[in-house]
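# An overview of the molecular structure
Okay, here's what each chain looks like letter by letter:
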Amino acid sequence: MCGIIGYLGNKKALEILLDGLEKLEYRGYDSCGLVIFNSSQNYYLQKTVGSTKALREKIKSLFEGNWGIAHTRWATHGGVTDFNAHPHYDCRQEIFVVHNGIIENFKEIKQRLLEKGHKFSSETDTEVFAHLVEDYLKLEKSLEEAVKKAIKEIEGTFAFLVVSKNEPEKIIGIKKSSPLILGVGKNEFLLASDPTPISFLTKNVVYLDDYDMVILKKDGFQIFSLKENKYKKPKINSIDWEIKTEQNNIFEHYMLKEIFEEAKAFGETIKDKIQEKKVIFEELNGLKIERINKIILTGCGTAYYACLYGKYLFEDYLEKETRAEIASELRYENYSYDKKTLFICISQSGETIDTLEALKIAKEKGAITVGIINVPGSSMTRIVDYLILTKAGPELAVASTKAFISQLSILYLLAFYFAKNKNPDYLYEFLSLKNKIEEMLAKKEEIESLAKNLIDFKNFYYLGRKYEYPIALEGALKLKEIAYVHAEGYPAGEMKHGPIALIDKDFPTIVLAPQDSLFEKSISNLEEIKARKGKVVLISDSEKDFEVYSQIKIPQTKEEFYPFLITPLIHLFAYFFAKHLKREIDRPRNLAKSVTVE
Ligand code: M6R
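Residues numbered from 1 in each chain as written. Predicted model: local features only at pLDDT ≥ 70, side-chain atom pairs only at ≥ 80, totals over all residues. Heavy atoms only, no water.

Residue placement: Glu262 occurs in helix H8 (residues 262-270). Only 2.7 Å separates the side chain of Glu262 from the side chain of His571, close enough to count as a polar contact. The residues contacting Glu262, other than those within four sequence positions of it, are Thr401, Lys402, Ile405, Ile437, Thr567, Pro568 and His571. (Helix = DSSP H or I, 4+ residues; strand = E, 2+ residues; numbered from the N terminus. Polar contact = N/O pair within 3.5 Å; in protein donor to acceptor, adjacent residues only side chain to side chain. Contact = heavy atoms within 4.5 Å.)

As C-alpha cells, this is what we get:
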C-alpha cells in the first residue's frame, strides 16, 4: 500500500515522476504528491487529494528539475486531505520524505519533538521522520548520517525516500519490510516500490534487503547495510516485467480484460510443465515428498481461497496432513514448524505484508518454503527456498482474477507431481480445462443479464461444498469488494446451523453444485432454501430442472476441476453487478492492490 518513487538523472523529473505515480497507483489512490528540485536549489512541491490525474491538473508550473520524489497514498494515519498527502517535510521545508509503511511508535516520537518546539503540518505518522532527520542533521555532517541515526528510533515497517534542499542531487532510500527497488540506468536512477515504473527506463535493478540504505548521487550509488554496518556490493538483476498501460480499446475495464485472460493465464502457467503424461517442476530441484510430514498453505484474500482449494486437493492426492491458514492469523499463531514442514505461500504481488511475515517466520523456524507468486522479483520471490512463478502476467485491477486461476493450476500440478498413485489420464482432462474456461467466458451475455435481473438485491449467499467452498468464498469477496454489496460464502452444510435464518424472498443464494461426490447433499441444501422462499441461482452440470430462479449450465469434468469452470462465471457475475451499479471497478473504494501494511 502506498507507492513511492524517486528519480535522479538528466531528464525532467516532473514527467518521469508523474508517469511513475500512474503506474504505482494500483497500490493506493486516495491522494498523491511530489517534490522536485533543480540545480539552483529551488524546489516545486505539489500534493492533492485524488489520483495522479488530479495532481496533473493541479500542476500549473513546468518546473524543470532533474531530481525529486513522489508518493501515491492509501491512508493509514490521518484522513484523506491535501495536508496528509506526501511528501512531508521538516519545520523549515528543507527535508522532504515519502514513506510506505507504518511508524508504530510515531505518537511518542511526535510528543517528544513537539516538546522540543517542532511544528507539524499533518496528522500522519510519516511526518515525524522528517523532523527526526532535521534534529539529527544538527549533529551529523550529512543527510545519510542523519537518516542512519533517525531510523534507529523507528518501530514498524518502512520504505523511505529522503531528500534535502541543502544536499543537491542526492536521494537517500531505506527499507524494512516494505519493498524498495533501485533501477540503474545510464546516468540516471530510479527508486520505486515495485519494478513497474522502473522497467520503462531500465531493466537493471537492485533489490534492496531490509535495513539497506541507498545513497543515490548523480555519479552513482552506494548501498550501506545497517544490519551488517558496512557497504555492500550491489547485485544487479535484470527484470522481465513490463506493464502495457496503453488505452485498452476492447474492454471497458482492466478487470474484464483480466477475466477474459483467465484461459490464457491458465495455459501460460502450465506451459512446459506437462510432458508425456508427466508433470515436471524444475523449480523444485528434485524436492522429495518423503522429506515432508505436513503441509501448510497460506495467503490472504483470494490467494487464501486458493490455499483452501490446495488443502482439499493435497488431502485427496497425498497422504499428508495439510492445513490452509489466513496469513494475517498464521503469523501470530504458535504453529510448530520443523524441517519436515512444507510451507507454501501464495501471492499475486509477492508483497502482501502478512504473507511475507508468515513466510519469514516459517523460514526462520526451519520449514521448507515454496512460493507460488505472480510478480517476478517481488519480496517473497527472494526469500522462498523454491519459487514457482504463475504466468498470469501483470494484473492491474484491484480485484484478483486471472492470478487466482493460475494459482489453482499450479496447486493441481503440485498435487499430481507429488502424488504416488496417479492416473496420467487425469492430465488430459486437466489440459482440456483451457477450452472449457473459454466456453465459460462465452457465457458473458447470460451472466450479464442475470446480474442485471438481480441488481436490486442487497444480500447474497454463495454456497459450496469441499472444492466449491473456496469458490463460494471467492464469489462473495468479489461482490463485496467491487460492487459494495453484502455477500457471504458458506459451506452449504453449515446453513442450517444459523445462516438459513436470514433466508427469505429478498435474500438470493448462488449454489455451486456440480455433480461431484457431494452433489446430492448440496441439492438438499438448495431445496431447504427454496422451501423458505429463497431465490436460488444454481451453477451445475446437471441436466435436471431444479425449478430455481436461474440455472447456469457448465460442462462435466472431474470433481477437483470444477472450480476452474465456476470461477470465470462468478468473476463475470461480480463484474457485471458492479458495472450496472456504476462502481469504480478497477479501483474500488478503500482498497489497494498490494497490501503492504498490517
Ligand atoms: O497480492 P496477494 O495475492 O498477496 O494479495 C492478497 C489479497 O490482498 C488479494 O487477493 C485481495 O483479496 C484481492 N483484492 C481480491 O480480489
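Once that is clear, we can look at the environment of Leu113. Along the chain, Leu113 turns up in helix H3 (residues 106-115). For the pair Leu113 and Leu132, spaced 19 residues apart in the sequence, the C-alpha separation amounts to 7.7 Å.

Here we take up the nonpolar core. In this structure, Phe460 and Phe573 are the most contacted members of the largest nonpolar core, which totals 99 residues. The greatest single-element share of this core, amounting to 13 residues, is contributed by helix H18 (residues 562-580). Two domains share this core, each providing at least three of its residues, namely domain 2 (250-431) and domain 3 (442-598). (Core = buried A, V, L, I, M, F, W, Y, C linked by side-chain atoms within 4.5 Å. Buried < 20%, exposed > 50% of the residue type's maximum accessible area, 1.4 Å probe, protein only. Domains from an automatic or database assignment.)

Here we come to helix H5 (residues 143-151). Among the 9 residues of H5, 8 are classified as buried, and the element is accordingly described as predominantly covered. For H5, the full list of buried residues reads Leu143, Glu144, Glu145, Ala146, Val147, Lys148, Ala150 and Ile151. On the buried face of H5, the contacting elements are helix H4 (127-137), strand S7 (156-164), strand S8 (170-176), strand S12 (212-217) and strand S13 (220-225).

The local shell around the ligand holds 15 residues, among which Ser347, Gln348, Ser349, Thr352 and Glu481 are the closest. Note that an oxygen atom of the ligand is positioned 2.4 Å from one of the side-chain N or O atoms of Thr352. Contact distances for the ligand include 2.8 Å between an oxygen atom and a backbone N or O atom of Ser400. Mapped by element, the contributors of at least two residues to the shell around the ligand are helix H9 (301-317) and helix H16 (469-483). Taken together, the residues of the shell around the ligand sort by class into 6 nonpolar, 7 polar and 2 charged. Of the domains in this structure, domain 2 (250-431) and domain 3 (442-598) are the two that each give at least three residues to the shell around the ligand. (Near = heavy atom within 4 Å. Nonpolar A, V, L, I, M, F, W, Y, C, P; charged D, E, K, R; others polar.)

Moving on, we come to the sheet that holds strand S24 (residues 486-491). With respect to topology, 5 strands assemble into an open sheet ordered S24-S23-S25-S26-S27, the strand pairing being parallel. With partners counted over all chains shown, the strands left at the sheet margins are S24 and strand S27 (550-553), one partner each. If you compare each strand with its neighbour and ignore which way they point, the axes differ by 15° on average. Inspection of the sheet shows strand S26 (residues 536-540) paired to S27 by 4 bridges, in the parallel sense. Bridging from a neighbouring strand, Ser540 pairs with Lys553 of S27. Relative to the sheet, H16 contacts strand S23 (459-464), S24 and strand S25 (509-512), its axis offset from that of S24 by approximately 175°. Each of S23, S25, S26 and S27 is contacted by H18, which is oriented at about 175° to S23, the strand it contacts most. (Pairing = 2+ DSSP bridges. Axes fitted to C-alpha atoms, helices over the stretch in contact; angles between N-to-C directions.)

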